[in-house]
Amino acid sequence: MMYDLIVIGGGPGGYLAAERAGGAGLSVLLIEKNKIGGVCLNEGCVPSKTLLNSAKIFDYATHGQKYGITTEHATIDQATVIARKDKVVRNLVAGVKATLKKNKVTIQDGFGQILGRENGVIKIGVGEQVFESRQLILATGSEAVVPPISGVKEGLADGSVLTNREILNLTTIPESLVVIGGGVIGLEMASYYQTVGSQVTVIEMLDHIAGNADRDLSAILQKNFEKKGIAFHLNAQVTAVGNGQVTFTQGDAIKTAPAVKTLLSVGRRPVTSGIGLEAIGVYTERGRIITDAQGRTNIPGIYAIGDANGVWMLAHAAYREAEVAVNTILGKKDTMRYSAMPSVLYTSPEMAFVGETEETAKAKGFVYQKVELPMNYSGRYMAENEGGDGLIKLLIDPVRNRIVGCHVLGNYASEIILSAGILVETEMRLEAIKELIFPHPTVGEVIREAIFHA
Ligand code: FAD
Ligand code: NAI
């Protein structure tokens with residue numbers, strides 16, 4: 001059967017591409033081997049944020065005294081938390097399926113594979129069936145990296161070692177949890193499990209947590225976590241997992257940490273093997289499919305979006321890449337721009353950033369002015385965060401007089417980073433930003449305040 005467009009992979013990238021293309025009148029086949037919604041809806045963004053919200057409520061219940069509230073015997077029922085998460089996921093997946101149907105997208109269950117390409121027609125196999133199209137979008141996503149550490153294979157088999165998939169389904173709270181990798185997944189899960197009662201240890205091979213986040217802010221975040229009881233071991237190498245502990249080296253010392261459960265969160269890699277890329281010569285580099293700013297691969301008619309191209313492994317990157325690829329297919333001019341890609345850690349406190357960091361600015365030889373302000377400059381932040389030590393850091397281009405980077409540590413960072421992203425993307429001049437009216441009292445006002453300190 002011939003379609004205008006075939007999409008392989010029904011995660012945020014794939015389902016949005018299918019929706020947009022179907023909505024524009026193309027006949028679209030969407031192939032999904034597992035669950036519509038992909039990693040983000042089923043075992044990533046949405047489940048983790050649902051759990052973190054329960055942790056926030058539990059934290060208020062158990063530490064509400066400073067706000068004048070005492071709750072006796074607050075408990076958290078992990079099985080109910082997981083059941084609610086499942087309900088949220090079910091509803092969202094149903095919503096995506098309904099939207100696909102409304103846009104007349106045909107969904108095909110099964111593993112999609114490129115069989116060949118002749119005279120511009122691409123053949124895709126799903127089991128015994130063969131489908132054809134002149135346009136193909138690969139949106140096959142990513143999977144957790146499993147490092148070759150002694151005991152990991154056995155631990156994954158007996159359930160003591162977990163990836164993001166299993167940790168979001170635990171119906172009991174482990175007495176102790178070791179998180180290998182202090183990046184985004186590791187810190188969000190450390191934040192959740194520490195709040196609900198686990199003894200959490202984070203082991204990170206670098207000298208800082210939170211990857212490419214601003215170093216000053218990630219150091220404060222680490223201190224916040226340490227105050228709550230999370231133990232961090234930086235510059236550390238895990239050597240073995242098993243028998244209820246994780247063994248690691250730090251310098252010359254050999255150390256252990258208690259681990260009823262161990263989470264692997266050392267990064268993700270694109271899922272691109274076994275889908276027939278070699279058959280027609282699609283270029284890849286260490287598993288990621290190489291694309292241009294329209295999502296085109298080196299083979300005409302074949303696009304790759306989302307985690308599969310590995311540019312930014314974020315759902316909102318996948319969404320926008322989906323739109324750019326579909327617009328290109330439709331003959332509309334569109335280009336992917338990554339300079340204002342927001343990143344968020346939904347930890348407690350939250351951390352979010354957009355644009356240049358001091359490290360990237362220095363590496364590019366940019367001259368920048370730095371403005372740092374405690375979040376306490378926002379009345380609403382003060383009202384809602386007793387004892388909070390949040391910080392906003394703006395990086396300003398003093399020549400062009402505009403914001404090139406914004407880094408926020410403190411609750412609502414996830415929400416206010418959008419406005420900072422708009423200012424970075426639109427290159428709005430500081431004088432013009434000063435004339436904008438921010439609602440009062442909001443945490444976002446801290447951006448305006450920081451600009452007046454520039
Ligand atoms: P995926 O969501 O991985 O979907 C790919 C789909 O393709 C899957 O459903 C898979 O089954 C299917 N597939 C693969 N191969 C085939 C094949 N051959 N045939 C048929 N189907 C196939 N990002 C954010 O922006 N915000 C967050 O808060 C956030 N939280 C996260 C939390 C966790 C724990 C994790 C793991 C990730 C999180 N992410 C978050 C990242 C986000 O989930 C991904 O960036 C996003 O899912 C990528 O979308 P995608 O469509 O490229 O791929
Ligand atoms: P990550 O790349 O964010 O972090 C991995 C961390 O593990 C790094 O700090 C790295 O130095 C460390 N590491 C690597 N090997 C190690 C080893 N052997 N021992 C100890 N430390 C080791 O990867 P993560 O957390 O797995 O997340 C994958 C991706 O998923 C993220 O990069 C992000 O794109 C996406 N994601 C986004 C979220 C969000 O937007 N809120 C939430 C969760 C995931």
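Residues numbered from 1 in each chain as written. Chains lettered and ligands numbered in written order. Predicted model: local features only at pLDDT ≥ 70, side-chain atom pairs only at ≥ 80, totals over all residues. Heavy atoms only, no water.

1. Details of the pattern of salt bridges
Reasoning step 1: Under the criterion given, the structure shown has 21 salt bridges.
Reasoning step 2: One salt bridge in this structure joins K393 and D216, with 2.7 Å as the shortest N-O distance. Highlighted residues: K393 in strand β25 (residues 391–397) and D216 in helix α8 (residues 215–228), separated in sequence by 177 residues.
Reasoning step 3: When its relative accessible area of 1% is taken as the criterion, K393 is described as buried.
Reasoning step 4: For D216, a relative accessible area of 37% corresponds to the partly exposed category.
Reasoning step 5: Note that E427 is salt-bridged to R402, the shortest N-O span being 3.9 Å. Of the two residues, E427 sits in the loop between α13 (413–426) and α14 (430–434) while R402 sits in strand β26 (residues 402–409), which places them 25 residues apart along the sequence.
Reasoning step 6: Look at the salt bridges and you will find they share partners, linking D214, D216, E358, K370, E372 and K393 into a network. (Salt bridge = Lys/Arg side-chain N within 4 Å of Asp/Glu carboxyl O. Helix = DSSP H or I, 4+ residues; strand = E, 2+ residues; numbered from the N terminus. Buried < 20%, exposed > 50% of the residue type's maximum accessible area, 1.4 Å probe, protein only.)

2. Focus: the domain arrangement of the protein
Reasoning step 1: When cut into domains, the protein gives domain 1 (2–144 + 269–329), domain 2 (152–266) and domain 3 (343–452).
Reasoning step 2: A C-alpha centroid distance of 29 Å is found between domain 2 and domain 3.
Reasoning step 3: In this complex, domain 2 contributes 18 residues to the contact, which on the side of domain 3 involves 18 residues.
Reasoning step 4: Of the roughly 1,500 Å² buried between domain 2 and domain 3 on both sides combined, carbon and sulfur atoms contribute 63%. (Domains from an automatic or database assignment. Contact = heavy atoms within 4.5 Å. Buried area = accessible area lost by both parts, 1.4 Å probe.)

3. Here we look at unusual backbone geometry
Reasoning step 1: Of the consecutive residues S348 and P349, the connecting peptide bond is found in the cis state with omega at 5°.
Reasoning step 2: Within the secondary structure layout, P349 lies in the loop between β22 (343–345) and β23 (351–355).
Reasoning step 3: Its identity is not glycine, yet K104 carries a phi of approximately 60°, on the positive side.
Reasoning step 4: Within the chain, E427 stands out as a residue other than glycine whose phi angle is a positive 55°.
Reasoning step 5: Its relative accessible area of 43% is what places E427 among the partly exposed residues.

4. With respect to the site of ligand 1
Reasoning step 1: E32, K49, G112, D307 and A315 are the nearest of the 39 residues found near ligand 1.
Reasoning step 2: Here an oxygen atom of ligand 1 sits 3.5 Å away from a polar atom, N or O, in the main chain of A139.
Reasoning step 3: One of the backbone nitrogen or oxygen atoms of A315 is found 2.9 Å away from an oxygen atom of ligand 1.
Reasoning step 4: Taken together, the residues that form the shell around ligand 1 break down as 15 nonpolar, 17 polar and 7 charged. (Near = heavy atom within 4 Å. Polar contact = N/O pair within 3.5 Å; in protein donor to acceptor, adjacent residues only side chain to side chain. Nonpolar A, V, L, I, M, F, W, Y, C, P; charged D, E, K, R; others polar.)

5. With respect to the packing of aromatic side chains
The way to describe two aromatic rings as a pair is by their centre distance and the angle between their planes.
Reasoning step 1: Tallied over the full model, the rule gives 5 aromatic pairs.
Reasoning step 2: When the centroid spacing of 6.1 Å and the interplanar angle of 80° are considered together, the rings of Y60 and Y67 count as edge-to-face.
Reasoning step 3: A residue is classified by how much of its surface remains accessible, and Y60, at 45% relative accessible area, is partly exposed.
Reasoning step 4: Consider the rings of Y192 and Y193, whose centres lie 4.8 Å apart with planes at 85°: the pair is edge-to-face.
Reasoning step 5: Above the plane of the ring of F452 lies K434, whose end atom (NZ or CZ) is 5.2 Å from the centre. (Phe/Tyr/Trp six-rings, centres within 6.5 Å; stacked < 30°, edge-to-face > 60°. Lys NZ or Arg CZ within 6 Å of the ring centre and 35° of its normal.)

6. Thoughts on the nonpolar core
Reasoning step 1: In this structure, I167, L187, Y192, Y193, V200 and M351 are the most contacted members of the largest nonpolar core, which totals 37 residues.
Reasoning step 2: Tallying contributions element by element places helix α7 (residues 184–195) first for this core, with 5 residues.
Reasoning step 3: Sequence-distant contacts of L187, defined by excluding residues within four places in its chain, comprise G182, I209, A210, L221, F225, F232, L345 and T347. (Core = buried A, V, L, I, M, F, W, Y, C linked by side-chain atoms within 4.5 Å.)

7. Points about the site of ligand 2
Reasoning step 1: Around ligand 2 lies a shell of 20 residues, among which I185, E188, E204, M313 and V344 are the nearest.
Reasoning step 2: Within the backbone of M205, one N or O atom sits 3.3 Å away from a nitrogen atom of ligand 2.
Reasoning step 3: Considering ligand 2 on its own, with 840 Å² of exposed area, one finds that the protein chains cover 79% of that surface.
Reasoning step 4: Per element, the largest residue contribution to the shell around ligand 2 is 4 residues, and it comes from α7.
Reasoning step 5: By residue class, the composition of the shell around ligand 2 is 11 nonpolar, 5 polar and 4 charged.
Reasoning step 6: Taken together, domain 1 (2–144 + 269–329) and domain 2 (152–266) each give at least three residues to the shell around ligand 2, which thus spans both. (Areas by Shrake-Rupley, 256 points an atom, 1.4 Å probe, with all protein chains shown as cover.)

8. Structural notes on the packing of helix α3 (residues 45–62) against α7
Reasoning step 1: Packing of α3 against α7 brings their axes to within 9 Å, and their N-to-C directions diverge by 35°. The handedness of the crossing between α3 and α7 comes out as left-handed. Between α3 and α7, the residues in contact are S48, K49, L51, L52, A55, F58 and D59 and E188, M189, S191, Y192 and T195, respectively.
Reasoning step 2: When its residues are assigned to classes, the contact of α3 with α7 shows 6 nonpolar, 3 polar and 3 charged. (Axes fitted to C-alpha atoms, helices over the stretch in contact; angles between N-to-C directions. Left-handed = near helix turned anticlockwise from the far one by under 90°.)

9. Description of the packing of helix α1 (residues 12–23) against helix α10 (residues 315–329)
Reasoning step 1: Here α1 crosses α10 at 35°, and the two axes come no closer than 8 Å. For the pair α1 and α10, the crossing hand works out as right-handed. Residue-level inspection shows P12, G13, Y15, L16, A17, R20 and A21 of α1 in contact with α10, the latter providing A315, A318, Y319, A322, E323 and V326.

10. A short note on the environment of Q222
Reasoning step 1: Along the chain, the position of Q222 falls in helix α8.
Reasoning step 2: A relative accessible area of 13% places Q222 in the buried class.
Reasoning step 3: Separated by 12 residues in sequence, Q222 and A210 have C-alpha atoms that sit 9.1 Å apart.

11. Examining a nonpolar patch on the surface
Reasoning step 1: Side chains of Y60, Y67 and I69 sit close together on the surface and give an oily, nonpolar patch of about 290 Å² of accessible area.
Reasoning step 2: Among the secondary structure elements, I69 is positioned in the loop between α3 and α4 (78–102).
Reasoning step 3: Here I69 falls in the partly exposed class, since its relative accessible area comes to 48%. (Patch = residues over 30% accessible without salt bridge, like charges linked within 9 Å, V, L, I, M, F, W, Y side chains within 5 Å.)

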